[in-house]
Amino acid sequence: MERRAFFKLVGLSAAACATPTLLSGCTPSTVVEEETDSDVSSQETFGVADQPEVSFNSTTDVLIIGTGVTGLSCALPLLQAGYQVTLCEKQDKLGGDSYESDGIMYVAGSKTQEKAGIKATASQLWDKRKAQLERENYSELDFARKLFEASGEWADVLADDCASVFADPKTYSDDGVNEGILLPKNGIGDMVSVLGPLRDTLTSLGAVFQTGYTCCALISNNKGEICGARFVSADQGDIKDIRAAYVVMATGGFVSSQALVNAYAPDWVRVGCYTVASDGQGQLLCEGVGGQLSGMDNAIVLTSDVPAVAAWGLFGPTLDVSPLGERIAPEDTMTASARACVVAYDGFWWTIFTNALSEGSQSRSVAQVVSSYKTRTYGPYDDLSALASGCNIPSEQLEKTFEAYEKMVDDKKDSLGRTSQWVSLEAPYYAFKQIPVRCVTHGGVVTDDTGQVQNAAGQAIVGLYCCGSAAAKGGQGLASNGAFGMLTGRALVDKLNERKSQVEASSSGN
Ligand SMILES: Cc1cc2nc3c(=O)[nH]c(=O)nc-3n(C[C@H](O)[C@H](O)[C@H](O)COP(=O)(O)OP(=O)(O)OC[C@H]3O[C@@H](n4cnc5c(N)ncnc54)[C@H](O)[C@@H]3O)c2cc1C
């Protein structure tokens, strides 16, 4: 039998992609082999009713699946080097969780920071960043350091080549506080100032964007190399097969997959979820072609269901207390209070703040939240007893907590681990009711440092890359995922240059 074409599809069924993902629906059991001269026995082996034969609609050098900060950052060096890039996104808009995030970018050594007089280098700031990552159970700390060290360059590339706009660190960083943080132009929640210009630059360099199509299978050739992917439209009415020299999985984490959270981090399965996009499809697709998964066990980071409020404690004085008025966690960490709330089986917690916050560097965020969540914002209250009675907190306990807070501010020392914002809370007081939700996962597809996917034996899967939150080495946040995407994009430029030289050498007979 002569095989004129041989493509193998491994992935989710088209039906599974259009409905909320269930672990069973996503088990990579669908295998379809297309042969132009097929015989009956091979059809019996591989026939799957709901998968049409592979028929490529388009070809590109690199196919990037997912358009969060990772996918967009990966595309930039490739397009700048003159290669074709297609980016496919299952949602009808670009940006993923990256766009929805608080926008706090852990960056060191960028020009924006240098210009603001911040001299600290990535090596000097690493210990602090490492402590944050350890608190959130990250395991790939060596690579996290590499990404943190690349984060300054990532921010510079976005500012210099794309005109992304960051806030002036002088407005929120003083005396060593927040010196390892970059914020978007308008502060918390303004990722459009960073990702919008990046998207526009990619468009001007010729990127092809395809939204509203979910990747449901990877396509391999007869050598077992990944050479493309299949996508299905939201209504399942259309299927697209895209061929590529390299496929990059930049599909984010798995925090919104109830089934995967149940499988890997069951302690957190009953906690609600902020996001809908991160349902672990990339991890399952890679696993389906032999990719190894790692570090996904109990790898959940929590925040508030109004995430901006959880970030306020980094930029002004806030006090987080339980419904009974006890202080629960260091307020300058974004995530610790949500975790403490769940661990204590409390349904919610209070963030108490004053005008020192609402008139500070993040006043825009405070104003936006207060006007959008009127029923969740309590106050103003002129004294502690009014605050206690307005929020139904036992007044005696609240007074004790405030006393301890003021002592902590005086001593600049906190047994719970707070390290900044040593400012008294002075009336009028306000309180915001916070509800804990899942927001981020770490762990995922095992790769080398360039993002090339590896199987259980540590061998590379040819043609397949994975970076950002979908990868075991990624997932530490916006800047490190952006840096990971950028490094993967650069590694693929090298690979494509090599291929080009080989083709040129063979066509010139060398
Ligand atoms: C509420 C919230 C607040 C956060 N705040 C911060 C913060 O302040 N600082 C910080 O550093 N980090 C923060 N994070 C984490 C940060 O957003 C993530 O680390 C980062 O966005 C991950 O980037 P990514 O590109 O890997 O994934 P994403 O941004 O999630 O992008 C993945 C994309 O892939 C798409 N996709 C998924 N599956 C498929 C498929 N099968 N086919 C096609 N497309 C697919 C998704 O729709 C999505 O657009 C926050 C996260 C949340 C949820």
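The structure presented is a predicted model; accordingly, all values stated were derived computationally and were not measured.

## Digging into the overall build of the protein chain
On a plain count of helices and strands, the protein chain comes out with 18 helices and 20 strands. Against the 2.2 N^0.38 benchmark of 24 Å for 510 residues, the protein chain shows a C-alpha radius of gyration of 25 Å, consistent with a compact globule. Burial statistics for the protein chain: of 510 residues in total, 55% are counted as buried. Counted over contacts in the protein chain with a minimum sequence separation of 6, partners at least 24 positions apart contribute 73%. Distance from the positive charge centre (39 side chains) to the negative charge centre (62 side chains) of the protein chain: 2 Å.

## Some thoughts on the site of the ligand
Taken together, 37 residues surround the ligand, and among them Glu 89, Ser 98, Ile 104, Gln 281 and Leu 478 come closest. Val 69 is positioned such that a nitrogen or oxygen atom in its backbone is 3.3 Å from an oxygen atom of the ligand. A distance of 3.3 Å separates an oxygen atom of the ligand from a polar backbone atom of Gly 96. Relative to its free-state accessible area of 1,000 Å², the ligand is covered by the protein chains to the extent of 97%. Those elements that place two or more of their residues in the shell around the ligand are helix H4 (69-80), strand S4 (85-89), helix H5 (96-100), strand S8 (213-220), strand S17 (436-441) and helix H18 (478-507). Looking at the shell around the ligand residue by residue, the class counts come to 14 nonpolar, 19 polar and 4 charged.

## Brief notes about the state of the cysteines
Within the structure shown, the criterion is met by 0 disulfides. Looking at Cys 162, it has no disulfide partner, and the nearest cysteine sulfur is the one in Cys 74, 14 Å off. Classification of Cys 162 by relative accessible area gives buried; the value is 6%. Free cysteine: Cys 391, not disulfide-bonded; nearest cysteine sulfur from Cys 341 at 15 Å. Judged by its relative accessible area of 5%, Cys 391 falls in the buried class.

## What to know about the pattern of salt bridges
One pass over the structure, following the stated rule, counts 15 salt bridges. The salt bridge involving Glu 153 is made with Arg 490; its shortest N-O contact spans 2.8 Å. Taken together, the positions of Glu 153 in helix H8 (residues 141-162) and Arg 490 in helix H18 put the pair 337 residues apart, joining distant regions of the chain. Taking the shortest distance from any N to any O, the salt bridge between Arg 199 and Asp 200 comes out at 2.9 Å. We classify Arg 199 as partly exposed; its relative accessible area is 35%. Note on Asp 200: relative accessible area 42%, which makes it partly exposed.

## Comments concerning the nonpolar core
Counting 120 residues, the largest nonpolar core has Leu 63, Ile 64, Ile 104, Met 105, Trp 154, Phe 231 and Trp 312 as its most contacted members. At 11 residues, the largest contribution of residues to this core is made by H8. Among the domains, domain 1 (100-201) and domain 2 (306-434) are the pair contributing at least three residues each to this core. Those residues in contact with Trp 154, other than ones at most four positions away along the chain, are Val 69, Ser 73, Met 105, Val 107, Leu 478, Ala 479, Gly 482, Ala 483 and Met 486. Grouped together as the second largest cluster of nonpolar side chains are 19 residues, Val 321, Trp 350, Leu 384 and Ala 388 included.

## Observations regarding the pairing of strand S13 (residues 318-321)
Burial along S13 is two-sided: Thr 318 and Asp 320 and Leu 319 and Val 321, pointing in opposite directions, are all buried. Here 4 bridges tie S13 to strand S14 (residues 349-353), and the two strands are oriented antiparallel to one another. Within S14, the position partnered with Thr 318 by the bridge is Phe 353.

## Observations regarding the domain arrangement of the protein chain
Domains assigned within the protein chain are domain 1 (100-201) and domain 2 (306-434). One C-alpha centre belongs to domain 1, the other to domain 2, and the line joining them spans 25 Å. In this assembly, 17 residues from domain 1 lie in contact with 17 residues from domain 2. Of the roughly 1,300 Å² buried at the junction of domain 1 and domain 2 (both faces included), carbon and sulfur atoms supply 56%. Ranking the residues of domain 1 by area buried against domain 2 places Asp 102, Arg 135 and Ile 188 at the top, with a combined share of 37%. On the surface where domain 1 and domain 2 come into contact, there are 0 salt bridges. At the junction of domain 1 and domain 2, the tally comes to 5 residue pairs in polar contact (both at pLDDT 80 or more).

## A few points about helix H7 (residues 122-135)
Given a rise of 1.5 Å per residue, 14 residues ought to cover 20 Å, and the 19 Å separating the end C-alpha atoms of H7 matches this to within 8%. At Lys 128, H7 is deflected by roughly 30°, the largest bend along its length. Within H7 the residues assigned to the buried category are Ala 122, Leu 125, Trp 126, Arg 129, Gln 132 and Leu 133. Contact partners of the buried residues in H7: strand S5 (105-106) and H8. Directly after H7, the chain includes Asn 137, whose backbone phi takes a positive value near 65°.

## Side note on the packing of aromatic side chains
In the structure shown here, the tally under the stated rule is 12 aromatic pairs. Where Trp 126 meets Phe 148, the ring centres are 5.9 Å apart and the plane angle is 45°; that geometry is what we call tilted. Placement of Trp 126 in helix H7 and of Phe 148 in helix H8 is noted, with a sequence separation of 22 residues between them. Both residues of the pair, Trp 126 and Phe 148, count as buried. Here a set of aromatic residues connected by ring pairs shows up, and it is made of Trp 312, Phe 353, Tyr 373, Tyr 430 and Phe 432. Above the ring of Phe 348, the side-chain terminus of Lys 433 is found at 4.5 Å from the ring centroid.

## Concerning the packing of H4 against H18
In the contact formed by H4 and H18, the axes pass within 7 Å of each other and the chain directions differ by 35°. Pair H4 / H18 crosses with right-handed handedness. Each of Val 69, Thr 70, Ser 73, Cys 74, Pro 77 and Leu 78 in H4 lies in contact with H18, whose residues at this interface are Leu 478, Asn 481, Gly 482, Gly 485, Met 486, Thr 488, Gly 489, Arg 490, Leu 492, Val 493 and Leu 496. Partitioned by chemical class, the residues of the contact of H4 with H18 number 9 nonpolar, 7 polar and 1 charged.

Rules of the game
- Residues numbered from 1 in each chain as written.
- Predicted model: local features only at pLDDT ≥ 70, side-chain atom pairs only at ≥ 80, totals over all residues.
- Heavy atoms only, no water.
- Helix = DSSP H or I, 4+ residues; strand = E, 2+ residues; numbered from the N terminus.
- Rg over C-alpha atoms; globule rule 2.2 N^0.38 Å.
- Buried < 20%, exposed > 50% of the residue type's maximum accessible area, 1.4 Å probe, protein only.
- Contact = heavy atoms within 4.5 Å.
- Lys, Arg positive; Asp, Glu negative; His and termini not counted.
- Charge placed at Lys NZ, Arg CZ, Asp CG, Glu CD.
- Near = heavy atom within 4 Å.
- Polar contact = N/O pair within 3.5 Å; in protein donor to acceptor, adjacent residues only side chain to side chain.
- Areas by Shrake-Rupley, 256 points an atom, 1.4 Å probe, with all protein chains shown as cover.
- Nonpolar A, V, L, I, M, F, W, Y, C, P; charged D, E, K, R; others polar.
- Disulfide = S-S within 2.5 Å.
- Salt bridge = Lys/Arg side-chain N within 4 Å of Asp/Glu carboxyl O.
- Core = buried A, V, L, I, M, F, W, Y, C linked by side-chain atoms within 4.5 Å.
- Domains from an automatic or database assignment.
- Pairing = 2+ DSSP bridges.
- Buried area = accessible area lost by both parts, 1.4 Å probe.
- Expected span 1.5 Å × (residues − 1).
- Bend = angle between axes of the 7 residues up to and from the residue.
- Phe/Tyr/Trp six-rings, centres within 6.5 Å; stacked < 30°, edge-to-face > 60°.
- Lys NZ or Arg CZ within 6 Å of the ring centre and 35° of its normal.
- Axes fitted to C-alpha atoms, helices over the stretch in contact; angles between N-to-C directions.
- Left-handed = near helix turned anticlockwise from the far one by under 90°.

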